[in-house]
Amino acid sequence: MQSISTPILEADGIGKSFGDNQVLSDVTFSVAKGQFVCIVGPSGTGKTTLLRALSGLGPANSGEVRVNGRVVVQPPAELAVVFQDYSRSLMPWMKVGKNVELPLRRLGLSREERRKRVEQALRDVDLGHAEELYPWQMSGGMQQRAAIARSLAYRPEILIMDEPFASVDAQTRADLEDLMLDIRDRLGVSIVLVTHDIEEAVYLGDKVIVLSGRPASVAASVEIPLGTGRDQIETKSRPAYLELRAEIHRMIMRKSDTVAPQRAPR
Amino acid sequence: MNRLSQLGVIVLVLGAWQVAAATGQLGAVPTPLVVAGAVLGLVLDGSGWGPLAETLASWFISLLLAVVIGVIIGFPLGVSRVTYRMSVVTLDFLRTIPALVFVPLVVLLYGAGLQSTILLAFFGAVWAMVMQTIYGARDLDPVARDTFRSFGVRRWDTVTRLLLPTALPYMATGVRLAAAICLLISISAQIVIPAGGFGEQIVVHQLSGALPEMFAYIVLCGVLGMAIDSTFRWFERSVLAWHPSHRKVSS
């Protein structure tokens, strides 16, 4: 049994460049078991690049990512990714149930076990009725819930999410945010969520990693002591929440003022 | 309205043909009524079925070969950018050669028979299948690919649940194109060589001056072509119900 303080995911001096364009430089942080970590930064800071390095989809040029102490060279088995673009991440030729079942096929489960997991995961995201629908027959919010269900059915230890709620409407977004908090509380999964939205980061995170600069590095790592049982209205009107939000906002603004817009020297 | 106007155009064309032919404006061309009578004759006395079987055999076997070999060649070329770039000029050259230029060669090698028409039709159609398969394999969505990779989906599942469905719409178009080309070249080769089927019947009846029968076979070629095309369109719709161009969206 791991204690809460043992990092399940560690990014250690991650650097990444595409040709001459250095995107990430010395990004270091860690995620504890069951922790909800939000990575926030303005558009174009390399958040998606970082996420690809974390998930083993696009390995870093320098530094290393460790999951449960093992260095990541390809997507680790204990990790699942939820992509921003659900319409491309769900296969249009498979019904929702088959999409959710997809990652289970290599786990050596019996047919009944797979069925149970699919049904359970769909119920967890309130899509129990949607198994026989095609993804394109559902709304955007439902599609992203189906993508989340697919990750849950896989029962990962770490869930990595890339701007998962960027293309749904505000009400759906709030519902999905609360769904993710609930999932973390019930299933104890660690979540790394990338977003450009500071409010979202503070509302969801136990810890917010502020990514900024060019190349991007960790400008700050802010603990968010808002506890569990967060509420869209109550939490967001607490002074502590507002202070943290303003503080992170200032950090991002200050950092981008001091950094020249040109390409950084190598 | 739509069906009715389509039918109206047909009636109009046939009417004009009937009037022109009956008044002697079209020379030796028989009237549509006479041609219709000849078609009926071919169907009823059974003399049309043998040639039909020969044309269908050439069409079907050449199509089967074109599809299977087209996919086998096209898929590996499409999944890797390097192999595609290496082979694109060669492919462009080969697919612009008209299949019928090989008539003397295949007749020399295989004589005037089914084998020759199959080879020619295959050569004409296989490129459509190769190119469509290449396009299909190249159309892989990066997000879908990352999704499969991130879950560590097994290789076989990746082929059957990602690569094939991605390429399927293109391949279906390839099959429909290849089916049309195979019929076209099968009949053309049967005329030119001549080598059995509808094609040879057209030549034979022209030489013997039986023009109504010649036109009857030409009409049958058209009917066969339409039947094949609509069959494959129906097939495409049913296999690709999930594809955006065929969806019946409820939301």
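Computed from a prediction, not measured in an experiment: that's the story for all the values here.

Notes on the pairing of strand 1 (residues 7-18) of chain A
All names here are of chain A.
Okay, step 1: Sheet analysis places strand 1 next to strand 2 (residues 21-32), joined by eight bridges and oriented antiparallel. Paired with glutamate 10 across the strands is serine 30, a residue of strand 2.
Okay, step 2: Between strand 1 and strand 2, which pair antiparallel in sequence order, lie two residues; one of them, glycine 19, sits at a positive phi of approximately 65°.
Okay, step 3: For strand 1 and strand 4 (residues 62-67), the ladder comprises five bridges, and the chain directions are antiparallel. When the sheet's bridge partners are listed, glycine 15 is paired in strand 4 with serine 62.

Concerning the interface of chain B and chain A
Okay, step 1: Counting residues at the interface gives 25 residues for chain B, matched by 26 residues for chain A.
Okay, step 2: The junction of chain B with chain A conceals about 2400 Å² of combined surface from both sides, 61% of it contributed by carbon and sulfur atoms.
Okay, step 3: When the buried surface of chain B facing chain A is broken down by residue, Phe151, Arg161 and Trp242 of chain B rank first, second and third, together holding 29% of it.
Okay, step 4: The tally of links between chain B and chain A comes to three salt bridges.
Okay, step 5: Note that arginine 52 of chain A is salt-bridged to aspartate 146 of chain B, the shortest N-O span being 2.4 Å.
Okay, step 6: The interface formed by chain B and chain A contains nine residue pairs in polar contact (both at pLDDT 80 or more).
Okay, step 7: The element that contributes the greatest number of residues to the side of chain B that touches chain A is helix 7 (residues 142-150) of chain B, accounting for eight residues.
Okay, step 8: A breakdown of the residues in the side of chain B that touches chain A according to their chemical character gives 11 nonpolar, six polar and eight charged.

A closer look at the sheet that holds strand 10 (residues 217-223) of chain A
Residue and element names in this part refer to chain A.
Okay, step 1: The strand order across the open sheet built from six strands is 6-7-8-3-9-10, with neighbouring strands paired in mixed fashion. Of all the strands in the sheet, the pair left with one neighbour each is strand 6 (79-82) and strand 10. Adjacent strand axes in the sheet meet at a mean angle of 15°, parallel and antiparallel pairs treated alike.
Okay, step 2: Taken together, the five bridges between strand 3 (residues 36-40) and strand 8 (residues 190-195) define a ladder with parallel strand orientation. Paired with cysteine 38 across the two strands is leucine 193, which belongs to strand 8.

Re a nonpolar patch on the surface
Residue and element names in this part refer to chain B.
Okay, step 1: On the surface, Phe60, Ile61, Leu64, Leu65, Val68, Ile69, Ile72, Ile73 and Leu114 cluster together into a nonpolar patch covering about 730 Å² of accessible area.
Okay, step 2: The element contributing the most residues to the nonpolar patch is helix 3 (residues 49-79), with eight residues.
Okay, step 3: Taking relative accessible area as the criterion, leucine 114 reaches 38% and is therefore assigned partly exposed.

Considering the nonpolar core
Okay, step 1: With 66 residues, the main nonpolar core has Ile148, Met161, Met180 and Ile248 of chain A as its most contacted residues.
Okay, step 2: If you tally residues by element for this core, the top one is helix 5 (residues 140-153) of chain A, at seven residues.
Okay, step 3: In contact with methionine 180 of chain A, not counting residues within four places along its chain, are Phe36, Ile148, Leu159, Met161, Phe165 and Ile191 of chain A.
Okay, step 4: Judged by nonpolar contacts, the second largest core, of 50 residues, contains Trp59, Ala99, Val175 and Tyr217 of chain B.

Topic: helix 10 (residues 211-239) of chain B
Okay, step 1: In this model, helix 10 of chain B (29 residues) spans 42 Å end to end at C-alpha, consistent with the 42 Å of a helix rising 1.5 Å per residue.
Okay, step 2: Of the positions making up helix 10 of chain B, those classed as buried are Met214, Phe215, Ala216, Tyr217, Leu220, Cys221, Leu224, Ile228, Phe232 and Glu236 of chain B.

Some points on unusual backbone geometry
Okay, step 1: Residue proline 215 of chain A follows arginine 214 of chain A across a cis peptide bond; omega there is 5°.
Okay, step 2: A cis amide bond links isoleucine 193 of chain B with the next residue in sequence, proline 194 of chain B, at an omega value of -20°.
Okay, step 3: Relative to the helices and strands, proline 194 of chain B resides in the loop between helix 8 (155-192) and helix 9 (197-207).
Okay, step 4: At aspartate 26 of chain A, a residue that is not glycine, the phi angle is positive and equals roughly 50°.
Okay, step 5: You can see aspartate 26 of chain A is positioned in strand 2.
Okay, step 6: At aspartate 126 of chain A, a position not held by glycine, the phi torsion is positive, near 65°.
Okay, step 7: Assignment of secondary structure puts aspartate 126 of chain A in the loop between helix 4 (111-124) and helix 5.

Each value, and the rule that gives it
- Residues numbered from 1 in each chain as written.
- Chains lettered and ligands numbered in written order.
- Predicted model: local features only at pLDDT ≥ 70, side-chain atom pairs only at ≥ 80, totals over all residues.
- Heavy atoms only, no water.
- Pairing = 2+ DSSP bridges.
- Helix = DSSP H or I, 4+ residues; strand = E, 2+ residues; numbered from the N terminus.
- Contact = heavy atoms within 4.5 Å.
- Buried area = accessible area lost by both parts, 1.4 Å probe.
- Salt bridge = Lys/Arg side-chain N within 4 Å of Asp/Glu carboxyl O.
- Polar contact = N/O pair within 3.5 Å; in protein donor to acceptor, adjacent residues only side chain to side chain.
- Nonpolar A, V, L, I, M, F, W, Y, C, P; charged D, E, K, R; others polar.
- Axes fitted to C-alpha atoms, helices over the stretch in contact; angles between N-to-C directions.
- Patch = residues over 30% accessible without salt bridge, like charges linked within 9 Å, V, L, I, M, F, W, Y side chains within 5 Å.
- Areas by Shrake-Rupley, 256 points an atom, 1.4 Å probe, with all protein chains shown as cover.
- Buried < 20%, exposed > 50% of the residue type's maximum accessible area, 1.4 Å probe, protein only.
- Core = buried A, V, L, I, M, F, W, Y, C linked by side-chain atoms within 4.5 Å.
- Expected span 1.5 Å × (residues − 1).

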